[in-house]
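Secondary and tertiary structure notes
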Amino acid sequence: MKTQTRCVVIGGGIAGCSTLYHLTQEGWTDVVLVERDELTSGTTWHSAAQVTNFGMNQTMVGLKTHSINLYQELAEDPEYPINYHHADGGIRLANTQAQMDGYRHFASMARGMDVHFEVIDAAECARRHPLISTDNLVGGLWDPLDGDIDPAQLCQALARRARKAGAEVYRHTPVTGLTQHRDDSWTVHTSKGDIDCEVVVNACGYRVNEVGAMMGVHHPVASMEHQYFLTEEIPAIRDAGHRMPLLRCPISDYYCRQEKNGLLLGFYEQDCKTWGMDGISPDFSNDLCPDDLDRVTDVLEGAFARMPALMEAGVHTVVNGPITYTIDGAPLVGPIPGKRNAFCIIGLRAGLGEGGGHGWLLAQQIVHGEACYDTWVLDPRRFTGHGNVELTALKAIEDYQNEFRFHFPNEHRPAGRPIKATPLTPVLAAEGAEFTVVNGWERAEYFKPAPGFEVTHGFHFDEAFDVVAEEVKAVQNGVGLAEVNGFNRIEIAGSDAHRFLDHVICGRVPTKEGKVGLGYLLNHHGCVKAEATVANLPGGPVWYGSAAASEWHDMDWLRAHADGFDVSFQSLTNDWTILVLAGPKARAVLSEASRGDWSAEAFPWLSVRRAFVGVAPAVVMSVSFSGELAYEIHVPNAQLYAAYLALRAAGEAHGLRLFGARAVDAMRMEKGFLHWKADLITEFDPFETGLGRFLKMDKDFVGKAALEARRANGLSRRLVSMRVDSTTSPAHPGASVMRDGVVVGTVTSGDWGHRIGMNLAYAFVDPAVAAQGTEFAVDMLGEMIPARVIAPSPYDPDMTLPRG
Ligand SMILES: Cc1cc2nc3c(=O)[nH]c(=O)nc-3n(C[C@H](O)[C@H](O)[C@H](O)COP(=O)(O)OP(=O)(O)OC[C@H]3O[C@@H](n4cnc5c(N)ncnc54)[C@H](O)[C@@H]3O)c2cc1C
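Because the structure is a prediction, the values reported are computed rather than measured.

1. Things to note about the overall build of the protein chain
The number of helices and strands found in the protein chain is 19 helices and 39 strands. For 804 residues, the compact-globule formula gives about 28 Å, and the C-alpha radius of gyration of the protein chain, at 27 Å, lands near that figure. On the principal axes, the C-alpha backbone points of the protein chain span a range of 80 × 60 × 50 Å. Burial analysis of the protein chain (804 residues in total) assigns 61% to the buried set. Counted over contacts in the protein chain with a minimum sequence separation of 6, partners at least 24 positions apart contribute 72%. Charge-centre separation for the protein chain: the mean point of 69 positive side chains lies 6 Å from the mean point of 100 negative side chains.

2. Looking at the pattern of salt bridges
Taken as a whole and judged by the stated rule, the model has 53 salt bridges. Of the charged contacts in the structure, one is a salt bridge between K699 and D502, with a shortest N-O distance of 2.8 Å. Taken together, the residues span a long stretch of sequence, with K699 in the loop between helix 18 (661-670) and helix 19 (704-712) and D502 in helix 14 (residues 497-504) at a distance of 197 residues. Judged by relative accessible area, K699 falls into the buried class, the value being 9%. Three or more residues are tied together by salt bridges with common partners; here these are D88, D148, R243, R257 and E259.

3. Observations regarding the site of the ligand
Around the ligand sit 37 residues in total, of which E35, T44, Q50, L348 and G353 are the nearest. Residue T43 places a main-chain N or O atom 2.8 Å away from an oxygen atom belonging to the ligand. Within the backbone of L348, one N or O atom sits 2.8 Å away from an oxygen atom of the ligand. Relative to its free-state accessible area of 1000 Å², the ligand is covered by the protein chains to the extent of 97%.

4. A word on the sheet that holds strand 24 (residues 488-493)
The five strands lie next to each other as 25-26-27-24-28, forming an open sheet whose pairing is antiparallel. Either end of the sheet is taken by a strand with one partner, and the two such strands are strand 25 (516-522) and strand 28 (568-571). Averaged over all pairs of adjacent strands, the angle between their axes in this sheet comes to 30°, without regard to strand direction. Sheet topology places strand 24 next to strand 27 (residues 542-546); five bridges connect them, and they run antiparallel.

5. Comments concerning the sheet that holds strand 4 (residues 84-85)
Taking strand neighbours across the sheet as the criterion, the three strands line up as 3-8-4 in an open arrangement whose pairing is antiparallel. The two strands at the open ends of the sheet, each matched to only one other strand, are strand 3 (50-51) and strand 4. Inspection of the sheet shows strand 3 paired to strand 8 (residues 147-149) by two bridges, in the antiparallel sense. Bridge pairing in strand 8 links Q50 to D148.

6. With respect to the packing of aromatic side chains
On inspection of all chains with the given rule, the structure shows 32 aromatic pairs. Seen in terms of ring centroids, Y446 and F453 are 6.0 Å apart; in terms of plane orientation they differ by 85°. Their pairing is edge-to-face. Note on Y446: relative accessible area 2%, which makes it buried. Ring centres of Y520 and F694 lie 5.1 Å apart, and the angle between their planes is 70°; on these two criteria the pair is classed as edge-to-face. Taken as a pair, Y520 in strand 25 and F694 in the loop between helix 18 and helix 19 lie far apart in primary sequence, 174 residues in all. Judged by relative accessible area, Y520 falls into the buried class, the value being 3%. In this arrangement the basic side chain of R609 is found over the ring face of W598, its NZ or CZ atom lying 4.4 Å from the centre.

7. Brief notes about the nonpolar core
Counting 48 residues, the largest nonpolar core has I149 and L154 as the members making the most contacts within it. For this core, the elements supplying multiple residues, two or more each, are strand 1 (4-10), helix 1 (14-25), strand 2 (31-34), helix 2 (58-75), helix 5 (151-164), strand 12 (193-202), strand 20 (342-346) and helix 10 (351-368). For L154, the residues in contact, after removing those within four places along its chain, are I14, Y71, L74, I82, I149 and L352. By size, the runner-up hydrophobic cluster in this structure holds 45 residues, among which are V509, L522, F687 and L707.

8. Topic: the packing of helix 2 against helix 10
Contact pair helix 2 / helix 10: the axes reach a minimum separation of 7 Å and the direction vectors enclose 100°. The orientation of helix 2 with respect to helix 10, classified from their angle, is roughly perpendicular. Contact residues: helix 2 offers T59, M60, G62, L63, K64, H66, S67, L70 and Y71, while helix 10 offers L352, G353, E354, G355, G356, G357, H358, W360 and L361. Class assignment of the residues belonging to the contact of helix 2 with helix 10 gives a composition of seven nonpolar, nine polar and two charged.

9. What to know about the environment of R662
If you trace the backbone, R662 turns up in helix 18. For R662, a relative accessible area of 15% puts it in the buried group. The spacing of R662 and V467 is 195 residues in sequence and 9.8 Å in space, taken between C-alpha atoms. Among all residues touching R662, those that are not within four sequence positions of it are N410, E445, Y446, D462, A464, V468 and D751.

Reading guide: rules and limits
- Residues numbered from 1 in each chain as written.
- Predicted model: local features only at pLDDT ≥ 70, side-chain atom pairs only at ≥ 80, totals over all residues.
- Heavy atoms only, no water.
- Helix = DSSP H or I, 4+ residues; strand = E, 2+ residues; numbered from the N terminus.
- Rg over C-alpha atoms; globule rule 2.2 N^0.38 Å.
- Buried < 20%, exposed > 50% of the residue type's maximum accessible area, 1.4 Å probe, protein only.
- Contact = heavy atoms within 4.5 Å.
- Lys, Arg positive; Asp, Glu negative; His and termini not counted.
- Charge placed at Lys NZ, Arg CZ, Asp CG, Glu CD.
- Salt bridge = Lys/Arg side-chain N within 4 Å of Asp/Glu carboxyl O.
- Near = heavy atom within 4 Å.
- Polar contact = N/O pair within 3.5 Å; in protein donor to acceptor, adjacent residues only side chain to side chain.
- Areas by Shrake-Rupley, 256 points an atom, 1.4 Å probe, with all protein chains shown as cover.
- Pairing = 2+ DSSP bridges.
- Axes fitted to C-alpha atoms, helices over the stretch in contact; angles between N-to-C directions.
- Phe/Tyr/Trp six-rings, centres within 6.5 Å; stacked < 30°, edge-to-face > 60°.
- Lys NZ or Arg CZ within 6 Å of the ring centre and 35° of its normal.
- Core = buried A, V, L, I, M, F, W, Y, C linked by side-chain atoms within 4.5 Å.
- Parallel < 35°, antiparallel > 145°, perpendicular 65-115°, else oblique.
- Nonpolar A, V, L, I, M, F, W, Y, C, P; charged D, E, K, R; others polar.

Given below as structure tokens:
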């Protein structure tokens, strides 16, 4: 066994084998995989191993396409062919129009990745799958490349190729401990000796937290028991003359695929069970949980009704095994929070279909620092500390119970809420707030006009449209107050604070006390990594502010680039909250609630000062995300209620009204402001993202050389603002922008601009069609809706409104 290598991958299921193989493909051949037992002895060996192309966003679709292409190549390898039923086709069923709308949106989104789904009606579903009835069926989504694969052969094939490229695989070699050294390298302790390495990867399936504990971290991953059974031969299948397509049913929560001349039927029962919460026996390997078909009778009834042939078929094998879930259902693939040179590929609940792609994206991150797609939807740092055992288990159960029911836009499911709240949360609830969830925080979305008010979840504008319009009007004509909690705020102290920020930010960094500026951080590929508001508090320190979920992500990046600078970082994210006071009467309200001169001369736009709001100490900034005169009032959580009361009291005479996150989002679209990880992603550089004015190319900064090289190659895409000619639905992120029947771009954000009465969207499009006035169609829920490029910031384009 080697005692030194570049990377040790721990775990020999699909996650580990795929990572090992892809590391060799990316150029790291001195790499090792260690497995406590045989390869695939965790969950992988007994997987139903369906391989679909369906994904909730373009990153997921792209990585699944990679899996499919790779598996097909492996299946056709003459030296070691493997069993892969490629392109049997599959149907996701639907019994509501809202579900069908979702499928239409996913088809539009996938088209941008050159993946072609088909939305079909009930009769067509039955034509393609002759065993199903059309009762209570509206239609479905057809995935032409759906199939299934032999999981053990797949892992062996990947390990074989990795070995051929120079990697080594050590079976029956449990990892017993991990030690990190001062230079961030690792020693992996195993039952057979130690291996020193630069990088470790946790790919330990349901044992993820045993290995996590060895490096002092807890991963938000929980296991559920999951069952399927295999039937005896079914004559209708034997005699069909073709393989049956796969089925996934959100109506009755099961999946079904052909296995030999019978069926494999898997269940997501409501009466589901977590597994291994109090520890896992060291002997549980190549093992299963006891059968428990009684639990799934509700689901079985639905499956029998849909496929009457099942009722005649005997069951010959039941499989019940542990399957891992995370808080939001997507895996954790990327850097381990707070650690250097440590990565994970865990929480895979569809690891056979996705594993090829996840290993590919992880290997790129390890070797090149970033993957070809933006991987935020997989980033382990997206849960910032609230992903404890109890919350993870509750969310795992909820997700399992809704396996095939996707989240509708603005839908936030109830399990485990509230996990993060401020002292104002109950106060705003009493005022009628409906809450959205931002990185665990309960954030007011809008204020209900009447106690029983509810919206119908779907892809069209909903009942809250007029409510949001009223909130926007109040801000535009008078004054509004909103709580923005969870905003990421890092205090940067030390003599090099500005020199450091100048190094990591690609534009001008404000250095004067009392001044605020907006800046962008690039990665080493010259693409957009983060967005930060830098505020120089009078007398110090410097505050670095960014999007609510970015705390761990940004902190990792700042720390990783701080060597050689006299700086220190402290997160204030959980201790402070922002109250946004916005509208033409905001100055009058602030002047009444807070002593001092708040005139435009004394406190112009982009200023920051300390003040008291009522009796509450606060840091006030004159910045605006709405385009109206506005103040961000940052208050320690202990005094938040006091500040709120002072502003409400001062606002009463001015007709102050509460507003929520939906109004904020609608207004920012009218001003051309961008959202991190919607419009600001690592796939594009600042020129492509329309941020040229924030660049300072005459200084040095992280990512500059790569940016110059990219610039020499011209733009691959351009972010544009669009007017969309629909009054019934917003353009949802991912929707394809079409011209002459060809995809020329992808929507990143969309919302109604209430102040200008226009349906607005942002999209990355082909630069050849980015000029203002260019006309397109956006594929919105299956309809080609006319759209045209407009100037950014259609509301108050000349900035005539007072801002400070
Ligand atoms: C019943 C069932 C049906 C499923 N059907 C599908 C499906 O149709 N399609 C699909 O895509 N997915 C399906 N899945 C999910 C899929 O099987 C998993 O997502 C996938 O197998 C997880 O692979 P993994 O490599 O992450 O974990 P595992 O396969 O569990 O591999 C982890 C490995 O790490 C090793 N390990 C753990 N601790 C240590 C240590 N200390 N030292 C060394 N090695 C260690 C283990 O021995 C194990 O081999 C199904 C799962 C179940 C339970």
